[in-house]
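Here's the letter readout for the chains.
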Amino acid sequence: MAITCVPDATAEANEAIRRFMAARTGRPLWPEEQDKYEELLDTWAAALRGPTTN
């Protein structure tokens, strides 16, 4: 099943990850870059979960 519509926050997070990784094509991430990549992934995961209701 294909997802045909993604929320703006998810699309923005995906694009940020793509830009980040494209700038580093062909080499492993440096330790500080790995930290930034993990932050980007956390942002992406939060966007997928959507707003929290408390």
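Everything that follows concerns the structure shown earlier in this document.
Because the structure is predicted, anything quoted here is derived from the model rather than measured.

Colleague: Looking at this structure, how should I read a negative patch on the surface?
Modeller: Where like charges cluster on the molecular surface, the negative patch consists of E32, D35, E38, E39 and D42. Position of D35 among the secondary structure elements: in helix α2 (residues 31-49).

Colleague: So what exactly am I meant to see when it comes to the pattern of salt bridges here?
Modeller: Close approach of charged atoms allows side chains with opposite charge to pair. Applying the stated criterion to the full structure yields three salt bridges. When the shortest N-O distance is used, the salt bridge between E33 and R24 registers 3.0 Å. Connected through salt bridges with shared partners, the residues R24, R27 and E33 form a single ionic network.

Colleague: Explanation requested: α2 in the structure shown.
Modeller: For an α-helix, the turn length of 3.6 residues means that residues three or four places apart are oriented alike. Taking 1.5 Å of rise per residue, the 19 residues of α2 would be expected to cover 27 Å, and the 27 Å separating its terminal C-alpha atoms lies within 8% of that figure. If you check which residues of α2 are buried, you get E33, L40 and A47. Seen along its axis, α2 keeps its buried residues to an arc of 35 degrees; they face one direction. When the buried face of α2 is taken as reference, the exposed residues oriented beyond 90 degrees from it are P31, D42 and R49. Looking at the buried positions of α2, the neighbouring elements they touch are α1 (8-22). Among the residues trailing α2, G50 stands out with phi positive, at a value near 85 degrees.

Colleague: Mind showing me how you'd approach the packing of aromatic side chains here?
Modeller: Here a ring pair, both rings aromatic, is described through the centre-centre distance and the interplanar angle of the planes. Scanning all chains against the criterion turns up one aromatic pair. An angle of 20 degrees between the planes, with centres 6.4 Å apart, marks the rings of F20 and Y37 as stacked. On the criterion of sequence distance, the pair formed by F20 in helix α1 and Y37 in helix α2 is long-range, its members being 17 residues apart. What makes F20 buried here is its relative accessible area of 9%. One cation-aromatic arrangement involves R24 over F20; the distance from NZ or CZ to the ring centre is 3.8 Å. Taking the ring centre of W30 as reference, the NZ or CZ of R27 above it sits at 4.0 Å.

Conventions used here
- Residues numbered from 1 in each chain as written.
- Predicted model: local features only at pLDDT ≥ 70, side-chain atom pairs only at ≥ 80, totals over all residues.
- Heavy atoms only, no water.
- Patch = residues over 30% accessible without salt bridge, like charges linked within 9 Å, V, L, I, M, F, W, Y side chains within 5 Å.
- Areas by Shrake-Rupley, 256 points an atom, 1.4 Å probe, with all protein chains shown as cover.
- Salt bridge = Lys/Arg side-chain N within 4 Å of Asp/Glu carboxyl O.
- Lys, Arg positive; Asp, Glu negative; His and termini not counted.
- Charge placed at Lys NZ, Arg CZ, Asp CG, Glu CD.
- Helix = DSSP H or I, 4+ residues; strand = E, 2+ residues; numbered from the N terminus.
- Expected span 1.5 Å × (residues − 1).
- Buried < 20%, exposed > 50% of the residue type's maximum accessible area, 1.4 Å probe, protein only.
- Arc of directions from axis to C-beta.
- Contact = heavy atoms within 4.5 Å.
- Phe/Tyr/Trp six-rings, centres within 6.5 Å; stacked < 30°, edge-to-face > 60°.
- Lys NZ or Arg CZ within 6 Å of the ring centre and 35° of its normal.

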